[in-house]
Amino acid sequence: MEQLTLRVLRADPAGNITLYVLDPVEPALRPKVTSYLLDMPQFKAEQLAYCCSPVMGGQGRIEMAGGEFCGNATRAFAMVMQQEMGVPSPSSMSLEVSGCDHLVTAFSDLEAGAAESEMPLPRSVRTVQAGGQTGVLVDLEGIAHLVVEQVPPSLEFFQEVEPLFQEIPGLEAYGVMFLDRPSSHITPLVKVPAANTLVWEGSCGSGSVASAIACALGAPDGQYAQDLIQPAGVIRVKLTLDLGQVTQVSIGGPVTLDAPVTVNVPL
């Protein structure tokens, strides 16, 4: 049987376990490779990114399996790049990421075991009625999240509100963030149609941004920081409000990297 031999690195950005395929894989083979690697029980991975040659002048490029933008994958990739390039801590990288049409600035500190990434600004933020509940729908360009409070996390609620996302053009991924504001706790359920995944994520970077934006609605202009506790980790969101609009946002927190391993993927 023909097989593909690949170097794979497992990263843990606040519990959102991400696999990086370090060797080139042509797009036609990626669905089979993605499915095989995500099904490997030893990785316990939630998502996968392919490391590619930059095309916009960045220092590195990743393409998520579903073509989406992922903040956790981006900031962990900054640490992967720092390690691969032997750059001293702390370091700053200009990275290219699928689902984003501009270079993304990310910071990593191997010694401290932490990394931070700039995040896309919301295209729209609006209050909606869905599933018999009031929620905040945040469109982050390529990925959107519905943030709801006082709703028990459930697949049934996700499926009930899923038609909301069909109305937003150009989405590569979407999710529901079940937020408990008093404890700053969120439970993320995220779907990536192209990768055929629906995952209760250990943590979600874009979902953290959406939740922080929902919490900041109506707040005075200024700079805000919020630690959002998630099933497998904590993400700190920093955002700036100017004239009631979000003008800058980033996510940060702990990241650990495993040593790369070699995997033979049957084709």
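The coordinates are above.
Note that the structure is predicted; figures quoted are calculated from it, not measured.

Enquirer: Is there a simple way to explain the overall build of the chain in this structure?
Expert: The number of helices and strands found in the chain is five helices and 17 strands. Taken over C-alpha atoms, the radius of gyration comes to 18 Å for the chain, in line with the 18 Å a tight globule of 267 residues would show. For the C-alpha atoms alone, the extent of the chain along its principal axes is close to 55 × 40 × 30 Å. By residue count, 54% of the 267 residues in the chain fall in the buried class.

Enquirer: Hey, could you run me through the pairing of strand E7 (residues 114–118) in this one?
Expert: Residues in a regular strand project their side chains so that they alternate between the two faces of the sheet. Alternating residues of E7 divide into Ala-115 and Ser-117, all buried, and Ala-114, Glu-116 and Glu-118, none buried. Two elements, strand E6 (residues 104–109) and E7, share four bridges in a ladder whose sense is antiparallel. Residue pairing for E7: Ser-108 is matched across the bridge by Ala-115. The antiparallel hairpin formed by E6 and E7 contains four residues in its connecting segment, where Gly-113 sits at a positive phi of about 70°.

Enquirer: I keep staring at unusual backbone geometry and nothing clicks. Help me out?
Expert: Note on backbone geometry: most residues besides glycine have negative phi, and most peptide bonds are trans. The step from Ser-89 to Pro-90 runs through a cis peptide bond, and the omega angle for that step is -15°. Counting through the fold element by element, Pro-90 comes out in the loop between helix H2 (71–85) and strand E5 (91–97). Its identity as a non-glycine residue notwithstanding, Glu-141 has a phi of 65°, on the positive side. Secondary-structure assignment places Glu-141 in the loop between strand E9 (133–139) and strand E10 (143–149). With relative accessibility at 32%, the residue Glu-141 sits in the partly exposed group. Not every positive phi belongs to a glycine, and Leu-243 is a case in point at roughly 55°. Checked against the element boundaries, Leu-243 lands in the loop between strand E15 (233–242) and strand E16 (245–257).

Enquirer: Looking at this model, I keep getting lost on the packing of aromatic side chains. Mind explaining?
Expert: Applying the stated criterion to the full structure yields five aromatic pairs. Here the aromatic rings of Tyr-20 and Phe-77 are separated by 6.1 Å at their centres, their planes lie at 15°, and the arrangement is stacked. A residue pair is termed long-range when its members are at least 10 positions apart, and Tyr-20 in strand E2 (residues 18–21) and Phe-77 in helix H2 qualify at 57 residues. Taken together, Phe-157, Phe-178 and Trp-200 form an aromatic cluster joined through their ring pairs. A cation over an aromatic ring shows up here: Arg-30 above the ring of Tyr-50, its NZ or CZ 4.8 Å from the ring centre.

Enquirer: Even after reading the chapter, I still don't get the nonpolar core, so can you show me in this structure?
Expert: Proteins that are soluble and globular tend to have nonpolar side chains buried together. If you look at the biggest cluster of nonpolar residues, it comprises 56 residues, and the most contacted ones within it are Tyr-20, Ile-62, Phe-77, Val-209, Val-237 and Leu-239. Non-local contacts of Phe-77, meaning those with residues more than four positions away in its chain, are made with Tyr-20, Cys-51, Gly-60, Arg-61, Ile-62 and Leu-95. Grouped together as the second largest cluster of nonpolar side chains are 18 residues, Ala-130, Phe-165, Ile-168 and Val-176 included.

Enquirer: Where do I start with the state of the cysteines in this structure?
Expert: Covalent bonding between the sulfur atoms of two cysteines is what defines a disulfide. Taken as a whole, this structure holds zero disulfides when the rule is applied. The structure places no disulfide on Cys-52, whose sulfur is separated from the nearest cysteine sulfur, that of Cys-51, by 7.2 Å. No disulfide involves Cys-204; its sulfur sits 7.0 Å from the nearest other cysteine sulfur, which is in Cys-70.

Enquirer: In this structure, what is going on with a nonpolar patch on the surface? I would like to understand it.
Expert: A surface patch of nonpolar side chains, amounting to about 250 Å² of accessible area, comprises Val-55, Met-56 and Leu-103. In this fold, Met-56 is placed in the loop between strand E3 (47–52) and strand E4 (60–64). By relative accessible area, Met-56 is classed as partly exposed at 35%.

Enquirer: Explain the pattern of salt bridges to me, please; I cannot follow it from the model alone.
Expert: Two side chains of opposite charge can pair, provided their charged atoms sit close to one another. Using the criterion set out here, one finds 10 salt bridges in the structure. Among the ionic pairs, Arg-181 bridges to Glu-149, the shortest N-O distance being 2.8 Å. With Arg-181 in the loop between strand E11 (173–180) and strand E12 (185–192) and Glu-149 in strand E10, the pair connects residues that are 32 residues apart, well separated along the chain. Of the residues examined, Glu-149 reaches a relative accessible area of 30% and is grouped as partly exposed. Between Asp-227 and Arg-236 there is a salt bridge, with its nearest N and O atoms 2.8 Å apart. Residue Asp-227 is classed as partly exposed on the basis of its relative accessible area, which comes to 35%.

Enquirer: Looking at this structure, how should I read H2?
Expert: Think of an α-helix as turning once every 3.6 residues; residues three or four places apart then point the same way. With 15 residues, H2 extends 21 Å from end C-alpha to end C-alpha; this agrees with the ideal 21 Å at 1.5 Å per step. The complete set of buried residues in H2 reads Gly-71, Asn-72, Ala-73, Thr-74, Arg-75, Ala-76, Phe-77, Ala-78, Met-79, Val-80, Met-81 and Gln-82. A positive backbone phi angle near 65° is found at Gly-86, which sits one or two residues after H2.

Definitions and cut-offs
Residues numbered from 1 in each chain as written. Predicted model: local features only at pLDDT ≥ 70, side-chain atom pairs only at ≥ 80, totals over all residues. Heavy atoms only, no water. Helix = DSSP H or I, 4+ residues; strand = E, 2+ residues; numbered from the N terminus. Rg over C-alpha atoms; globule rule 2.2 N^0.38 Å. Buried < 20%, exposed > 50% of the residue type's maximum accessible area, 1.4 Å probe, protein only. Pairing = 2+ DSSP bridges. Phe/Tyr/Trp six-rings, centres within 6.5 Å; stacked < 30°, edge-to-face > 60°. Lys NZ or Arg CZ within 6 Å of the ring centre and 35° of its normal. Core = buried A, V, L, I, M, F, W, Y, C linked by side-chain atoms within 4.5 Å. Contact = heavy atoms within 4.5 Å. Disulfide = S-S within 2.5 Å. Patch = residues over 30% accessible without salt bridge, like charges linked within 9 Å, V, L, I, M, F, W, Y side chains within 5 Å. Areas by Shrake-Rupley, 256 points an atom, 1.4 Å probe, with all protein chains shown as cover. Salt bridge = Lys/Arg side-chain N within 4 Å of Asp/Glu carboxyl O. Expected span 1.5 Å × (residues − 1).

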